[in-house]
Amino acid sequence: MKRGVGKLALVSLMSLAVLAACGQSKGKEESTKSESVPQVINITSEAQISTMDPALAADTTSTLAMNQVYEGLYTVGKDDEFVLGVAKEEPVISDDLTTYTFKLRDDAKWSDGSQVTAEDFVYGWQQIVTPSIGSPNADVMVGVIKNAKEIYEDGADPKTLGVKAIDETTLEVQLERPVPYLKSLLTFAIFYPKKETFITEQGKDFATSSEKLLYNGPFVMEGWEAFADEWTYKPNAEYWDKDTVKLDSASVQVIKTPSTAVNLFESGEVDVVNKLTSEYAKNYKDNASFLPVEQYVTFFLKLNAERNGKKTPLDNKDLRQAIAQSFDKEAFVTNILGDGSTPTDHLIPKGQTKDPASGDDFTEVAEKTNTYLTYNPEGAKKSLELAKKDLGDKIELEFLTDDTEVAKTSAEFFSNQIETNLPGVKINIVQVPFTVRVERDQKKDYDIELSGWGTDYRDPMTVMRIFVTNNSSGGITYSNPVYDQLINDSREKDAGDVDKRFDNFIKAENELINKDTVIAPIYNRSLAILANQKIKDMYWHPFGSTYSLKWAHVE
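Residue numbers run consecutively from 1 along every chain, following the written order of its sequence. For this predicted model, a pLDDT threshold of at least 70 governs which residues receive local features, and a threshold of 80 or more governs which side-chain atom pairs are given and counted, while totals over whole chains, interfaces and linings are taken from all residues. With hydrogens and water excluded, all non-hydrogen atoms of the structure serve as input to the side-chain values.

**Here's the deal with the pattern of salt bridges**
- One side-chain nitrogen of Lys or Arg within 4 Å of one carboxyl oxygen of Asp or Glu is enough to make a salt bridge. As enumerated under the stated definition, the model contains 30 salt bridges in all.
- Its salt-bridge partner being Asp112, residue Lys195 comes within 3.3 Å of it at the nearest N-O pair. With Lys195 in the loop between helix H4 (182–185) and helix H5 (196–202) and Asp112 in the loop between strand E5 (99–103) and helix H2 (118–129), this pair connects stretches of sequence that are 83 residues apart.
- Exposed residues in this analysis have more than 50% of their type's maximum accessible area, buried residues have under 20%, and partly exposed residues fall in between, with area computed by a 1.4 Å probe over protein chains only. A residue is classified by how much of its surface remains accessible, and Asp112, at 45% relative accessible area, is partly exposed. We count a stretch as a helix when DSSP gives it H or I for four or more residues in a row; a strand needs E for two or more, and each element gets its number in order from the N terminus.

**Brief notes about helix H8 (residues 317–324)**
- Across the eight residues that make up H8, a large majority, six, are buried.
- Every buried residue of H8 is listed here: Leu319, Arg320, Gln321, Ala322, Ile323 and Ala324.
- Identification of polar contacts relies on pairs of N or O atoms within 3.5 Å, with a donor-acceptor requirement for protein atoms, meaning one able to donate a hydrogen and the other able to accept it, and with residues adjacent in sequence counted only if both atoms are side-chain atoms. Two to three positions downstream of the cap, the backbone nitrogen of Asp318 sits 2.9 Å from a side-chain oxygen, assigning the N-cap of H8 to Asn316.

**A few points about the sheet that holds E5**
- Whether two strands pair depends on DSSP finding at least two bridges between them. Strands sit in the order E4-E5-E7-E6 across an open sheet of four strands; the sheet is antiparallel. Of all strands in the sheet, those bounded by a partner on one side alone are strand E4 (92–93) and strand E6 (163–167).
- Inspection of the sheet shows E4 paired to E5 by two bridges, in the antiparallel sense. Directly across from Val92, in E5, lies its bridge partner Thr101.
- In this description, contact between two residues means that some pair of their heavy atoms is separated by no more than 4.5 Å. Here the axes come from fitting lines to C-alpha atoms, over the contacting stretch only for helices, and the angles between their N-to-C directions go from 0 to 180 degrees. Of the strands in this sheet, E6 and strand E7 (170–174) touch H2, which is tilted by about 165° from E6.

**What about the domain arrangement of the chain?**
- On domain assignment, one finds that the chain holds domain 1 (40–250 + 532–554) and domain 2 (295–527).
- A C-alpha centroid distance of 29 Å is found between domain 1 and domain 2.
- Facing the 27 residues of domain 1 at the interface are 24 residues of domain 2.
- Joining two parts hides part of their accessible area as seen by a 1.4 Å probe, and the buried area is that hidden amount summed over both. Across the interface of domain 1 and domain 2, roughly 2200 Å² is buried in total on both sides, 57% from carbon and sulfur atoms.
- Summed over the three residues of domain 1 that lose the most area to domain 2, namely Asp139, Tyr181 and Pro542, the buried surface amounts to 23% of that side.
- Where domain 1 meets domain 2, there are three salt bridges.
- Linking Arg491 and Asp139 is a salt bridge whose minimum nitrogen-to-oxygen distance equals 2.7 Å.
- Three classes are used, and their members are as follows: Ala, Val, Leu, Ile, Met, Phe, Trp, Tyr, Cys and Pro are nonpolar, Asp, Glu, Lys and Arg are charged, and the others, Gly among them, are polar. Residue composition of the side of domain 1 that touches domain 2, by class: 13 nonpolar, nine polar and five charged. Domain borders in the structure are assigned automatically or taken from a domain database.

**Things to note about the UniProt feature "domain: Solute-binding protein family" (unreviewed entry) in the chain**
- Using the residue numbers shown here, the UniProt feature "domain: Solute-binding protein family" (unreviewed entry) corresponds to residues 82–473.
- Taken end to end, residues 82–473 is 30% helix and 21% strand, and its first and last C-alpha atoms sit 25 Å apart. UniProt positions are given in the numbering used here, feature names are shortened, and annotations may be inferred rather than shown by experiment.

**Quick word on the packing of aromatic side chains**
- The pairing test for Phe, Tyr and Trp rings, Trp by its six-membered ring, is centres within 6.5 Å, and the orientation test on the planes gives stacked under 30 degrees, edge-to-face over 60, and tilted for anything in between. Taken as a whole and assessed by the stated rule, the structure comprises 24 aromatic pairs.
- Pairing Phe332 with Phe413 gives two aromatic rings, centres 5.3 Å apart and planes at 50°, and the pair type is tilted. Separated by 81 residues along the polypeptide, Phe332 in helix H9 (residues 329–337) and Phe413 in helix H12 (residues 405–421) bring together distant segments of the chain. The exposure classification of Phe332 matches that of Phe413, with both residues buried.
- For the ring pair Phe413 and Phe414, a centre distance of 5.2 Å and an interplane angle of 90° mean the geometry is edge-to-face.

Right under this line is the structure:
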């Protein structure tokens, strides 16, 4: 696994498990496959796949799986660069930068041997913005693909979306305006193609099991069905670049208990442990199999003001600000995680976005402009006293989290910190399976939730969009006209002005975190994983899908 390239739409704490870049060898040259060594690896996952339908993907575990078996126009390469996927060559771009014409590979096939056509992209993209489909990421296309807003928000005909099949292998994409991050965006799962005839034949059974799916990526799936605890990737014999694929099998097993995962690694039953807890990260940090993996992922507490149609105590802004100042981020990343993750007061991960004018990091520029809430027990108590004037001396809140040991330990840390630094506040921890938590998150059925969001494409919009009024991906009750305007301006009238967009995002983050305190940022994640040193060229990425198996092999 190539550590040299190593660096989590809803993260799997949303599970504490979005993954990122693996590779033991330092150089860029690839090792050749040894015919005498079985090309079989076993990987752990902390969560089940919630869906294999790209239109419905909302968590990292699902999009991670999709990356192994589907492919869009572009994909993320070995060095986190954007490389051609189904697209045969770079597109022809109009002078006004709003029309892209892609030629598709003649040898791009579905796993049933049929051609991947331009019409498959048209159908797949139209599904995303069709309101009845309920795609949680439909808004990604709004302000980007022509007429997406009119379709998604106003009920226009999906066939008016700015994507057209000129012929079987020529795809025309019309944009609302120039989009500087388009190539990165097109690697995202919602832009994968979908074959309409196959989906129609499957009906309600589509994407309910590995047999009810069609694949166009490096691998196909075997043994998967909804809520399964294990599945296997096998080489896709119809994949256009099948000669690059070296693995014969990559099996994934859901292991929620860290000690079990480590024991399986030590016994040789698994080759990659996707997430070590603090205890194991510290014990293994000097081990040759230990890999710290940087990610453009932010974890935060979501503070939900309305639940099941009723206001929660968190409708009080002073209480939200009290909680945001009540926990020690440094202690959490050091004592609970111990994996190299870093505390943050921001939503945008450090390293993800640079100031187009100065080249300085987003977080550095923002801190010169805004005053961020951070760990401050005395400030927390002052805010609590203001909150108690409306809420009384006793305040009880529910903390929703996953049913893993890591999630339980994390929830207990925050519960203890909040109750210690905010006298009179009582926290009740509720643990549920990851898939249940995703469902409750989307229904906004919680008070406090430890959640996270990874960078699907390299632009602040990838995460800031989810907090716009009525966005289904955010999973939180929030509406701020100022915030909405800043984000919408960045999508629309300021889309071509990179300096203005950057300024908009800094102002929007200030509204969300410091003024309204709807979320309380905690840390940017660095995964601590264990990886068998015999596995080479399993690439991990700081954004998008967290690892790629296409080039992986065993020496």
